[in-house]
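Residue-level listing of the chains:
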Amino acid sequence: MPGSLAALEKGDLKGVSADYVASICEMCSTRCPISARVVDGKNVFIGGNKEAKAFGGKVCARGGAGHSMLYDPQRIVKPLRRVGERGEGKWQEISWDEAYEMMATNLNDIKQKHGAEAVAFSSKSGSLSGHLFHLAKAFGSPNTFTHATTCPGAYVIAAKAIFGTKLKRDLGNSKYIINFGHNLYEGINMSETRGMMKAQMDKGAKLVVFEPRFSIVADKADEWYAIRPGTDVAVALAMCHVLIEDNLYDKAFVAQYVEGFDEFAKEVKAYTPEWAETISDVPAADIRRITHEYAACAPHACVDFGHRATFTTEEFEMRRALYAANILIGNIERKGGIYLGKKAPAYNKFAGEAVAPVLAKPGVKNLPKITAKRIDQVDEQFSMVWSSGGVYQSILDATLEAVPYQLRGWVMSRTNPMQTMTDRNRVVEAMLKLDFIAVCDVYISETAAYADLILPESTYLERDEEIADKSGKNPGYYVRQRVVEVIGDTKPSWQIFKEAGEAMGLGQYFPWQNMETLQLMQVNKDHQLLKQIKDLGFVTYGQPLMLREPSMVSKFAATYSNAREMDEDGTYGSALSFKTPSGKIELSSTKVEKMAPGRGVIRYRPVELKQADELYFIQGKVAVHTNAGSQNVPMLSQLMSDNAVWIHPVTAGALGIQHGDAITLTSSVGTEKGQALVTPGIRQDTVFAYMGFGSKNKELARAVGKGVHCGNLLPHKTSPVTGMNVHTTGVKLAKA
Ligand SMILES: Nc1nc2c(c(=O)[nH]1)N[C@H]1C(S)=C(S)[C@@H](COP(=O)(O)OP(=O)(O)OC[C@H]3O[C@@H](n4cnc5c(=O)[nH]c(N)nc54)[C@H](O)[C@@H]3O)O[C@H]1N2
Ligand SMILES: Nc1nc2c(c(=O)[nH]1)N[C@H]1C(S)=C(S)[C@@H](COP(=O)(O)OP(=O)(O)OC[C@H]3O[C@@H](n4cnc5c(=O)[nH]c(N)nc54)[C@H](O)[C@@H]3O)O[C@H]1N2
Ligand code: SF4
Ligand SMILES: [Mo]
């Protein structure tokens, strides 16, 4: 790879003695198992961990570029204190002791005057959020937030409402996949991306894609429909209509496992394919035919429920409709369908023996009792969100409007809300108003540029973390391990938040010495187990199990002499239950009706995403960047540093815009300058840009001012029930 460290090496690397360290990628939150090659203490190559078969022993382009971030001279390697105005870009290097002192003084001051709840803590979920939120709890604030309402929240909450828990998809064994804007060939998740490749290439699975633009997934599909943005729910409900009206649904499955089918069937009677066509522009005849083809492959078929669930304010209805289309063909716990993760305790119970070790959860019992309510806890309809990451953007309302009370401090880690939370101006305003902001990052991100204190974290290649659960159809664990020595004066965030806690007078809540103490607590001091997990980097136990798949169940039962007895039909179907009030799959739900009146039954609710004279503005991921976090990584910046705006030739022609022209996009909240990419691969009424570009922060020298800043065009919104942000809006396009 030109420009990489490997390219600088003279001669053949194969002749050089090298060490390999098994670890976990963090170039995106998929967190794939990796094997990092180290020569003379330097990381020179990152590949996949061969032990992790589902990942194909591979990494994606971003994963392969990890060392480019590790050795980037623009990385921050000293704690920084702001000396100019917020956002002015004047910094002073300080010691960690000074940094902790600054945190302690400011946060304890806020706590004393206004209560601990006046400080919000936010982080992308993962090991880091665990440690940051532990600090929050020790400090006494209930206000902890992940990125959930800017990303997966809606599909997680829809699954909670219906199944009581999250589900996984078995795309690799699917014979027919229907995809509503889940671009797995650019928005990469190595195991799922490879699963879908395997299904398509090795098994001849058919892929149907509904997408307003010709994405890479659309390009690799058997059929692509340029659906109108935000209307997926209509097509999904019409599919359910056809499944029921044409008697294609699995009646035995519904009878045994589903609650509230009759109410749902009554509701979808009106949702004909002809009705859906008028809303979505997808031809009714195709909806009927596709539904019949899909049902013919049942149960080894899947309607993908997607990942970024921020297309409209009605994501709750959309994601529930997508699950409904799966439930109706009875693909739950069947190959090629959707299934529940099998962690060690559940798996061992089926096996009747300890096939997989069960890890302990190190914690602290005597944490202070928090009585203050969360800032997003005013409205009962969000009750499923509180424990799933919270309504992240409510930080803005609490800061700017004191709703429901005034926030005064914000501690954040591995999050860049100025790019990723919508309405950049409002985020800036909120940050200017707060009394104290600390940001933990590896760069001076656009958001970190407005902090009072920047805490430089070691990159994932320089840090150890807890053993993490990576169970799928059978239990599995993996662990992040330091690949190279720490560069500069950086620390892993578990250490930063522990030491900050100690400086804040909360040392009693951090009884562990270091990461190894924590890991040993996890394995109940079983040194050999810890060594095994570390040596292999990724360990699985037993064999894949899906409770309603006869071939898997018979093999499982034959392997373990004390295994649960099979049902008469050769499955474990009778053991399948759900964490809902009825213990069944709740296609309609009285719990949801109580929480959000009128929403007990899945229903089509029209949304207005744009004005008549505007174009839809939509976004997506690009294969060589991660969200708004990698635009300054040298190798990735070289591969792509800008996001041209996709415009249909007819739309461009009417405005006198040619390919490569400078253009402007104007929405209700902002204007952005960009460049036209004229392509027939998009609807005439829609424009598209890859997200994460156009940083307005000069410290991100390779990214500043390059491309359209998507977050600056999106209005601040909170969707009902799911609390989601919305990443679709109306824009006016003009030649610049
Ligand atoms: N307009 C628009 N907005 C979106 C989206 C969209 O499509 N359009 N997509 C949404 C989605 S799906 C998501 S998940 C969110 C993601 O948005 P965020 O959760 O804000 O995450 P990222 O943009 O991935 O990166 C956040 C920061 O993490 C830093 N970082 C990287 N590695 C480390 C590390 O090891 N430690 C620490 N402390 N920091 C690190 C990066 O430098 C970066 O500043 O954005 C959402 N926002
Ligand atoms: N390379 C790479 N891989 C990533 C990431 C990354 O940043 N880069 N981020 C990771 C994260 S955090 C996530 S959440 C996943 C996201 O994975 P995806 O959910 O696949 O992410 P997106 O690309 O944001 O959105 C998918 C597609 O939705 C389309 N779209 C927009 N509006 C609509 C609509 O109304 N209807 C339909 N049907 N389609 C619509 C967009 O054009 C886009 O192609 O990817 C993960 N993997
Ligand atoms: S998908 Fe790519 S960037 Fe994300 S964790 Fe896996 S290898 Fe790393
Ligand atoms: Mo995401």
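For the structure itself, consult the block above.
## What to know about the environment of K491
Mapped onto the elements, K491 comes out in the loop between β19 (476-479) and α19 (493-503). Accessibility expressed as a relative area gives 14% for K491, which makes it buried. Separated by 165 residues in the primary sequence, K491 and G656 place their C-alpha atoms 53 Å from one another. Not counting residues up to four positions away in its chain, the partners in contact with K491 are W96, Y100, P456, E457, S458, I496 and E499. One polar contact links K491 to E499, side chain to side chain, over a distance of 2.7 Å.

## Side note on the pairing of strand β25 (residues 671-678)
Alignment of strand β23 (residues 645-647) against β25, held across three bridges, turns out to be parallel. Looking at the pairing, I647 lines up with V678 of β25. The pairing of strand β24 (residues 662-666) with β25 spans five bridges and is classified as antiparallel. Following the sheet pairing, L665 is matched in β25 by E672.

## With respect to the pattern of salt bridges
In the structure shown here, the tally under the stated rule is 50 salt bridges. Between E26 and R31 there is a salt bridge, with its nearest N and O atoms 2.7 Å apart. The class for E26 is buried, based on a relative accessible area of 7%. One salt bridge in this structure joins R426 and D397, with 3.1 Å as the shortest N-O distance. A residue pair is termed long-range when its members are at least 10 positions apart, and R426 in helix α18 (residues 424-433) and D397 in helix α16 (residues 394-401) qualify at 29 residues. The network of salt bridges with common partners includes E26, R31, R414, E457, R463, E465 and R480.

## Focus: the sheet that holds strand β2 (residues 33-39)
Paired through their backbone hydrogen bonds, the strands of a sheet run either parallel or antiparallel. In spatial order, the strands read β1-β2-β3; together these three strands make up an open sheet with antiparallel pairing. Since the sheet does not close on itself, it has two edges, and those belong to β1 (19-24) and β3 (42-48), each with one partner. If you compare each strand with its neighbour and ignore which way they point, the axes differ by 30° on average. Bridge analysis of β1 against β2 gives six bridges, and the strand direction is antiparallel. Counterpart to V21 in the pairing with β2 is A36.

## What about the site of ligand 1?
The environment of ligand 1 is formed by 26 residues, the closest being N416, D441, E457, R463 and Q619. Here the shell around ligand 1 is built from residues that sort into eight nonpolar, eleven polar and seven charged.

## So, a positive patch on the surface
On the surface, K166, K168, K343, K361 and K579 cluster together into a patch of positive charge. Tracing the backbone shows K361 in the loop between α14 (344-351) and α15 (383-386). With relative accessibility at 81%, the residue K361 sits in the exposed group.

## Side note on the sheet that holds strand β4 (residues 80-82)
Across the sheet, which stays open at both edges, the seven strands sit in the order β5-β4-β17-β16-β15-β6-β7 with mixed pairing between neighbours. Every other strand in the sheet has two partners, leaving β5 (91-93) and β7 (144-145) as the edge strands with one partner each. Summarising the sheet, strand β16 (residues 436-441) and strand β17 (residues 453-456) pair through four bridges and their orientation is parallel. By the bridge assignment for β17, C440 is matched with L455.

## Brief notes about unusual backbone geometry
The omega angle of the peptide bond from A298 to P299 is 0°, so this bond is cis rather than trans. Note on placement: P299 falls in the loop between α12 (284-296) and β13 (301-304). The linkage connecting V403 with the following residue, P404, adopts the cis geometry, with an omega of -5°. Note on placement: P404 falls in the loop between α16 and β15 (409-413). Backbone geometry places E333, a non-glycine residue, at a positive phi of 60°. Inspection of the secondary structure assignment puts E333 in the loop between α13 (315-327) and β14 (338-339).

## Some remarks on the packing of aromatic side chains
Taken as a whole and judged by the stated rule, the model has 27 aromatic pairs. Between F556 and Y560, the ring centres sit 5.0 Å apart and the planes meet at 65°, which makes this aromatic pair edge-to-face. The burial state of F556 is the same as that of Y560; both residues are buried. Ring geometry for W646 versus F688: centroids 5.1 Å apart, planes at 70°, classification edge-to-face. On the criterion of sequence distance, the pair formed by W646 in strand β23 and F688 in strand β26 (residues 686-690) is long-range, its members being 42 residues apart. The residues W646 and F688 share a single accessibility class, namely buried. By the ring-pair criterion, three or more aromatic residues cluster together here, those being Y155, F163, F305, Y323 and F578. Here K251 stacks its cationic end above the ring of Y249, 4.8 Å away from the centre of that ring.

## Considerations on the nonpolar core
Core analysis: the largest hydrophobic core is formed by 112 residues, its most contacted members being F163, F180, F210, F264, Y323, I327 and I585. Per element, the largest residue contribution to this core is ten residues, and it comes from helix α8 (residues 232-245). Once residues within four sequence positions are removed from consideration, F210 is found in contact with I178, N179, F180, G181, Y225, I227, D232, V235, V282 and I290. One finds A99, I110, F139 and L455 within the second-largest nonpolar core, a separate group that totals 37 residues.

The rules behind the values
Residues numbered from 1 in each chain as written. Chains lettered and ligands numbered in written order. Predicted model: local features only at pLDDT ≥ 70, side-chain atom pairs only at ≥ 80, totals over all residues. Heavy atoms only, no water. Helix = DSSP H or I, 4+ residues; strand = E, 2+ residues; numbered from the N terminus. Buried < 20%, exposed > 50% of the residue type's maximum accessible area, 1.4 Å probe, protein only. Contact = heavy atoms within 4.5 Å. Polar contact = N/O pair within 3.5 Å; in protein donor to acceptor, adjacent residues only side chain to side chain. Pairing = 2+ DSSP bridges. Salt bridge = Lys/Arg side-chain N within 4 Å of Asp/Glu carboxyl O. Axes fitted to C-alpha atoms, helices over the stretch in contact; angles between N-to-C directions. Near = heavy atom within 4 Å. Nonpolar A, V, L, I, M, F, W, Y, C, P; charged D, E, K, R; others polar. Patch = residues over 30% accessible without salt bridge, like charges linked within 9 Å, V, L, I, M, F, W, Y side chains within 5 Å. Areas by Shrake-Rupley, 256 points an atom, 1.4 Å probe, with all protein chains shown as cover. Lys, Arg positive; Asp, Glu negative; His and termini not counted. Charge placed at Lys NZ, Arg CZ, Asp CG, Glu CD. Phe/Tyr/Trp six-rings, centres within 6.5 Å; stacked < 30°, edge-to-face > 60°. Lys NZ or Arg CZ within 6 Å of the ring centre and 35° of its normal. Core = buried A, V, L, I, M, F, W, Y, C linked by side-chain atoms within 4.5 Å.

Worth remembering: the numbers are spatial, not functional.
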